[in-house]
Amino acid sequence: GEQGRGFAVVADEVRKLAERTTSSTQEITVIVDSMSQCSRQASEFIQSAEQLATTGVDRADHADHAIREIGEASANTVTMVNEISAAIREQSQASSSIAEQVERIARMAQTASGAAGNAAQAADSLEKLASQQRDTLGHYTV
């Protein structure tokens, strides 16, 4: 009897311990499953972050390339503007030279016009003198 009661008490304690072990095992399983799920989510987030970082690096590389091209284009534009400026200065000098030549030709034309006027006056004078000589010779008969 007494041993049976002792055995029953021990058996009852073993049963309670088994129930607590089962309950604890279920709780541990739930915790492990939860941790596993959190670990998978963290892994997915890390992969997503890695993809975003890779995309960001690619975009930064493209932006760097575009900025370099813009810099080269700007340098080429500055060179072209300097060349155009030099060409405009040369054209300005050529225009000034042409204007000076045109002015010189105009003065020469004016001088020639004055000389032609003088020659015309001299020709008129000669014609008058010739006419007077003819009139004078016309009085004489041979």
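Residues numbered from 1 in each chain as written. Predicted model: local features only at pLDDT ≥ 70, side-chain atom pairs only at ≥ 80, totals over all residues. Heavy atoms only, no water.

1. Examining the overall build of the protein chain
The criterion, for reference: Secondary structure is summarised from DSSP: a helix means a run of H or I of at least four residues, a strand means a run of E of at least two, and numbering begins at the N terminus for each. Burial classes follow relative accessibility: with a 1.4 Å probe on protein chains only, a residue under 20% of its type's maximum area counts as buried, one over 50% as exposed, and anything between as partly exposed. Computed by Shrake-Rupley with a 1.4 Å probe, the accessible areas treat only the displayed protein chains as cover when residues are assessed. All tallies of charge rest on Lys and Arg as positive and Asp and Glu as negative; His and the ends of each chain are not included. The atom standing in for a charge is NZ when the residue is Lys, CZ when it is Arg, CG when it is Asp and CD when it is Glu.
Looking only at helices and strands, the protein chain features 1 helix and 0 strands. By its C-alpha atoms, the protein chain is 205 × 20 × 15 Å across when sized along the principal axes. By the burial criterion, 0% of the 142 residues in the protein chain qualify as buried. As displayed, the protein chain offers around 12600 Å² of accessible surface, 59% of which is attributable to carbon and sulfur atoms. For the protein chain, the centre of its 12 positive side-chain charges and the centre of its 20 negative side-chain charges are spaced 3 Å apart.

2. What about the environment of Glu69?
Heads up, the condition is: Polar contacts here mean pairs of N or O atoms no more than 3.5 Å apart (in protein, one a potential hydrogen donor and the other a potential acceptor; neighbouring residues in sequence count only if both atoms are side-chain atoms).
Here Glu69 is to be found in helix H1 (residues 2–139). For Glu69, a relative accessible area of 43% corresponds to the partly exposed category. Put simply, Glu69 and Ala86 are 17 residues apart on the chain and 26 Å apart in space, counted from C-alpha to C-alpha. Within the local environment of Glu69, its side chain forms a polar contact with the side chain of His65, the two groups lying 2.6 Å apart.

3. Brief notes about a nonpolar patch on the surface
To be explicit about the condition: Patch members must show over 30% relative accessible area and no salt bridge, and they are joined within 9 Å when carrying like charges or within 5 Å when they are nonpolar side chains of Val, Leu, Ile, Met, Phe, Trp or Tyr. Every case where a carboxyl oxygen of Asp or Glu lies within 4 Å of a side-chain nitrogen of Lys or Arg is listed as a salt bridge.
Together, Met80, Ile84 and Ile88 make up a nonpolar patch on the protein surface, roughly 310 Å² of accessible area in all. Here Met80 is to be found in helix H1. A relative accessible area of 49% means that Met80 is categorised as partly exposed.

4. A short note on the pattern of salt bridges
Throughout the structure, instances matching the rule amount to 5 salt bridges. Asp12 is paired through a salt bridge with Arg15; the nearest N and O atoms lie 2.3 Å apart. One end of the pair, Asp12, and the other, Arg15, are both in helix H1, 3 residues apart, so they sit about a helical turn from each other. In this structure, Arg15 engages Glu19 in a salt bridge whose closest nitrogen and oxygen atoms are separated by 2.9 Å. With Arg15 and Glu19 both in helix H1, this residue pair falls 4 residues apart, about one helical turn. Each member of the salt-bridge network shares a partner with another, and the members are Asp12, Arg15, Lys16 and Glu19.

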